[in-house]
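Below are the chains, spelled out letter by letter.
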Amino acid sequence: MKELEDLKKELPADAMLVEACYEGCNVVFYTKNKNFFIKNEQVVRQLVSKLRKRVEIRPASTITTEPDKAKIKIKKIIPTDAGLSELIFQPEFGKVILRAKKPGLVIGRNGETLDKIKKETYWLPVVERVPAIDSKIVDKARELTVGNPSFRKKFLNSVGKKIRLTKSVGNEWVRITALGGYREVGRSCTLLQTKGSKVMLDCGTGYGSKTSYPYLDAPEFNLQDLDAVIISHAHSDHCIFLPYLYEYGYTGPVYCTEPTRDLMILMQLDFLDVIKRDGRKAPYSSQAIKKSIEHCIPLGYGEVSDITDDMRLTLNNAGHILGSASAHLHIGEGLHNIVYTGDIKFGKSELLDSADPNFNRVETLILDSTYGAQRNPMPPKKESNAGFIKSVKDTLDKKGKVIVPAFSIGRSQEAMLVLYDHLEQFNVPVYLDGMIWDATALHTAYPEYLSKSLQKRIFHQGENPFLSEHFKRVGSSTERENVINGESCIVITTSGMLSGGPVLSYLERLGEDSKNKLIFTGYQASGTLGRKIQRGWKEIPINGNKTVRLNLEIGAVEGFGGHSDRAQTINYVGKLGSRPKKIICQHGDDAATFNLASTLHKIYNVDTCAPQNLETVRLV
Ligand SMILES: [Zn+2]
Ligand SMILES: [Zn+2]
């Protein structure tokens, strides 16, 4: 390619390149000059500022030390208390992935340990943090993320080439089509189209007794024409349907953060398990999950990446769950800018920092409207924490059991943190059932995505609440049985909206005893059992034809949720780097989206709408 040939000329004459290529939107040079491989910071810095892209210099396979020998050398260099557990050599990329409990010790002061590894082995070391909690399914997920490097190299090269293939000119237009998650909470899916490209934002399933899927049969949508997919976060209503695209022939990239990628695998594997257990037909195979991970290009917050020939993507923290992101899409050369918020929390929680509204230009905002109709503001976090603890304590004082249904990612860890900080008030075990244990393990692998205050506790005070011995895993039906028959306790369990999962077994066995309590911590979507119980249902069908009479107390904590309340949502719009010209309200029921659309129109005097699924809105 001509562009790459020109770039080569920017490098020193003795760079001894064996290959220059695009990997995704990054430019990568492979060199056989050992000195240039070890020392190239200045050249790279100049190139990066010129190209405004990531540039990497990697070793050619002819200069890397033979893996067995390199392994011995690396083990000698890295201090033993770093907890190095795995070395994965990927000759295709000239990389060695070093997995360790304490990455800081692998990196060394100012990166000196890594430099030493480079100098002594001529491999490019890449450090990954090993979760501090054991989980087989997390191990499996992380194995998938490094699988099939030879395929990945070819794939990343082809993505890079494709982005530069064509540049559309003249008669430009931009539009979005609502494929799911409009005037509802569930199956989020938006198709963004320009003259030159087609990108999907999220691909989830619906809640409710019958799982619903996005409208991929809409005439606007053609799988073969899709250029890229962006996943905002790992909740089922945003990511579970992704492998379906790969099952039916999509071969393009999916962009998301690293924690989202890993959490997504857990959710998708669990989804297949549940479907199989129910004897239903799965919409995709486990092979499709593997394929989607092989096609995943992870991005960090703030990293700018070309994803098609006319779109540039940046992800910002969305404050909703670990790794959750809002996507900023810069279209054309300044033609249009879109922010798709995904689910956002514009307010700090124990777990995460507030959503980041710092986007320079926004013309269209596609906005999470979950609580758009709820006029009462959520109580301050301190107050809701205190309410939660009091509610828990009241039940424990009566020797009852507390059941907290929660999504495995997000609300569970938030509840764990609040409980941890009040452990002195009750001395009972907190059981974690469903995927919560595994999702928590991944929280320990990505502490840099947690709130600054929590990072401070983990890194500077040596106190990681997730590792407390008060948290106990329920890993089998026998263990569950023991919890049910055992002493007074707290159980945090899936599913968060009571649409399945172990929470139903707890309700079945503990629901009739008035000493016990069920505490909701998050939004209950319409059609779910959670919503019905909140509305006052007392006789509930569980496990087929059995009916359980609910005598246990029902409580709810407000302000615990991962979404902004109405006031925070309005505030978020005002805090964006620029005032949007159009706001599209989605991820909320009829009342929430209409209400928010009309309020935002009045406050900010901008064009707002609340389209329904299958509608198309033209933006340019
Ligand atoms: Zn979510
Ligand atoms: Zn959602």
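Numbering of residues starts from 1 in each chain and follows the order in which that chain's sequence is written. Chains and ligands are labelled sequentially in the order written, the chains with letters from A and the ligands with numbers from 1. Where local features are concerned, this predicted model is filtered to residues with pLDDT of at least 70; where side-chain atom pairs are given and counted, the filter is 80 or more; whole-chain, interface and lining totals use all residues.

## Quick notes on the overall build of the protein
Then step 1. Here a helix means four or more residues in a row that DSSP labels H or I, a strand means two or more in a row labelled E, and each is numbered from the N terminus. Helices and strands together make up the secondary structure of the protein, namely 21 helices and 28 strands.
Then step 2. Computation of the radius of gyration draws on C-alpha atoms alone. For the globule rule, the value is 2.2 Å times the number of residues to the power 0.38. Here the C-alpha atoms of the protein give a radius of gyration of 25 Å, agreeing with the 25 Å that 2.2 N^0.38 yields for 620 residues.
Then step 3. If one aligns the C-alpha atoms of the protein with their principal axes, the spans along those axes are about 80 × 60 × 45 Å.
Then step 4. Partly exposed residues are those whose C-beta has more than 12 but fewer than 20 other C-beta atoms within 10 Å; with 20 or more the residue is buried, with 12 or fewer it is exposed, and the C-beta atoms are placed from the backbone. Counting over 620 residues, the protein shows a buried share of 47%.
Then step 5. Any residue pair is listed as a contact if its two C-beta atoms, each placed from the backbone, are within 7 Å. Partitioning the contacts of the protein with sequence separation of at least 6, the portion at a separation of at least 24 is 74%.

## Points about helix H6 (residues 112-121)
Then step 1. Along H6, the residues classified as buried are Thr-113, Ile-117 and Thr-121. Buried residues of H6, viewed axially, fall in a sector of 45°; they line one side.
Then step 2. Those residues of H6 that are buried are in contact with helix H4 (67-77), helix H5 (103-107) and strand S6 (124-129).
Then step 3. Tyr-122, located one to two residues past H6, shows a positive phi value of around 60°. Throughout, the arc means the angular range of directions from the helix axis out to the C-beta atoms.

## Brief notes about the sheet that holds strand S4 (residues 84-90)
Then step 1. Across the sheet, three strands lie side by side as S4-S5-S6; this open sheet has mixed pairing. A strand with exactly one partner marks an edge of an open sheet, and here the two such strands are S4 and S6. Going across the sheet, the axis of each strand differs from the next one's by a mean of 20°, ignoring polarity.
Then step 2. Should DSSP find at least two bridges between two strands, the strands are regarded as paired. As paired strands, strand S5 (residues 95-100) and S6 are joined by six bridges and run parallel to one another. If you follow Lys-95 over to S6, its bridge partner there is Leu-124. Axes, fitted as lines to C-alpha atoms, cover a helix only where it is in contact. Angles between the N-to-C directions of the axes lie from 0 to 180 degrees.

## Overview of the domain arrangement of the protein
Then step 1. Start and end points for every domain follow an automatic or database-based domain assignment. Along its sequence, the protein is carved into domain 1 (2-59), domain 2 (67-130), domain 3 (143-162 + 171-374 + 563-618) and domain 4 (381-556).
Then step 2. With five residues of domain 2 at the contact, the number on the domain 3 side is four residues.

## Considerations on the environment of Pro-149
Then step 1. Within the fold, Pro-149 resides in helix H8 (residues 149-163).
Then step 2. The class of Pro-149 is partly exposed, set by 17 C-beta atoms lying within 10 Å.
Then step 3. Separated by 56 residues in sequence, Pro-149 and Thr-205 place their C-alpha atoms 30 Å apart.
Then step 4. Beyond its immediate stretch of four places on either side in the chain, Pro-149 contacts Gln-90, Glu-92 and Phe-93.

## Regarding the sheet that holds strand S8 (residues 189-194)
Across a sheet, paired strands are connected by hydrogen bonds in the backbone, their directions being either parallel or antiparallel.
Then step 1. With mixed pairing, seven strands are arranged side by side in an open sheet as S12-S11-S10-S9-S8-S7-S28. Every other strand in the sheet has two partners, leaving strand S12 (296-298) and strand S28 (616-618) as the edge strands with one partner each. Strand after strand, the sheet turns through a mean of 20° between neighbouring axes, direction not considered.
Then step 2. Note: strand S11 (residues 254-256) against S12, three bridges, orientation parallel. The residue of S12 that forms the bridge with Tyr-255 is Ile-297.

## Observations regarding the packing of helix H11 (residues 258-277) against helix H12 (residues 286-294)
In a packed pair of helices, the relevant descriptors are the angle between the two axes and the axis-to-axis distance.
Then step 1. Taken N-terminus to C-terminus, the directions of H11 and H12 make an angle of 170°; their axes are 10 Å apart at the nearest point. Judged on the interaxial angle alone, H12 and H11 are roughly antiparallel. From H11, Arg-261, Ile-265, Gln-268, Leu-269 and Leu-272 reach across to H12, where they touch Ser-286, Ile-289 and Ile-293.
Then step 2. Residues are sorted three ways: Asp, Glu, Lys and Arg are charged, Ala, Val, Leu, Ile, Met, Phe, Trp, Tyr, Cys and Pro are nonpolar, and all the rest, Gly among them, are polar. Residue composition of the contact of H11 with H12, by class: five nonpolar, two polar and one charged. Here the angle decides the label: under 35 degrees means roughly parallel, over 145 means roughly antiparallel, 65 to 115 means roughly perpendicular, and every other value means oblique.

## What about the pairing of S8?
Then step 1. With respect to burial, S8 is a largely interior element, six of its six residues being buried.
Then step 2. Neither face of S8 is left uncovered, since the one carrying Cys-189, Leu-191 and Gln-193 and the one carrying Thr-190, Leu-192 and Thr-194 both have all their residues buried.
Then step 3. Relative to S8, strand S7 (residues 174-180) runs antiparallel, the two sharing six bridges. When the bridges of S8 are listed, Arg-175 appears paired with Gln-193.
Then step 4. Relative to strand S9 (residues 198-201), S8 runs antiparallel, the two being bridged by four bridges.

## Some thoughts on the nonpolar core
Then step 1. Under the definition applied here, buried Ala, Val, Leu, Ile, Met, Phe, Trp, Tyr and Cys residues are grouped into a nonpolar core through C-beta atoms within 7 Å. Among the nonpolar cores identified, the biggest contains 160 residues, and Ile-230 and Ile-492 are the most heavily contacted of them.
Then step 2. With sequence-adjacent residues up to four places away left out, Ile-230 is seen in contact with Val-199, Leu-201, Tyr-255, Cys-256, Leu-313 and Ala-327.

## Some thoughts on the packing of helix H20 (residues 566-575) against helix H21 (residues 590-604)
Then step 1. Between H20 and H21, the least distance of the axes is 11 Å, while the angle of their chain directions is 45°. With respect to their mutual orientation, H20 and H21 come out oblique. Of the two possible hands of crossing, H20 and H21 adopt the one that is right-handed. Contacts between H20 and H21 involve Thr-569, Ile-570 and Val-573 from the first element and Leu-596, Thr-599, Leu-600, Ile-603 and Tyr-604 from the second.
Then step 2. Here the contact of H20 with H21 is composed, by residue class, of six nonpolar, two polar and no charged. The crossing is said to be left-handed when, going from far helix to near helix, the turn is anticlockwise and less than a right angle, and right-handed when the turn is clockwise.

## A word on unusual backbone geometry
Then step 1. Backbone torsion omega between Thr-494 and Ser-495 reads 0°, so that peptide bond is classified as cis.
Then step 2. Structurally, Ser-495 can be placed in the loop between strand S21 (490-493) and helix H18 (503-510).
Then step 3. Phi at Arg-183 takes a positive value of approximately 55°, unusual for a residue other than glycine.
Then step 4. Mapped onto the elements of the fold, Arg-183 is located in the loop between S7 and S8.
Then step 5. With a phi close to 50°, His-587 is a non-glycine residue in the positive phi region.
Then step 6. Considering the arrangement of structural elements, one finds His-587 in the loop between strand S26 (582-586) and H21.
Then step 7. Residue classification places His-587 among the buried residues on the basis of 27 C-beta atoms within 10 Å.

## A closer look at the pairing of S5
Then step 1. Burial runs high along S5: five of the six residues are buried.
Then step 2. Direction of pairing for S4 relative to S5: antiparallel, over a ladder of six bridges. Directly across from Leu-84, in S5, lies its bridge partner Ala-100.
Then step 3. Count of turn residues in the S4/S5 antiparallel hairpin: four residues, of which Gly-94 carries a positive phi of about 65°.

## Some words on H18
Note: α-helices contain 3.6 residues per turn, so residues at a spacing of three or four share the same orientation.
Then step 1. Burial in H18 covers these residues: Val-503, Leu-504, Tyr-506, Leu-507 and Leu-510. In a view along the axis of H18, the buried residues occupy a sector of 160°, so they form one face of it.
Then step 2. Those residues of H18 that are buried lie in contact with strand S18 (402-405), helix H17 (477-485), S21, strand S23 (539-542) and strand S24 (546-549).

## Overview of the environment of Met-497
Then step 1. Structurally, the position occupied by Met-497 is in the loop between S21 and H18.
Then step 2. On a C-alpha basis, the gap between Met-497 and Gly-208 in space is 8.6 Å, while along the polypeptide they are 289 residues apart.
Then step 3. Ignoring any residue separated from it by four or fewer positions in sequence, one finds Met-497 in contact with Tyr-207, Gln-524, Ala-525, Thr-528 and Gly-530.

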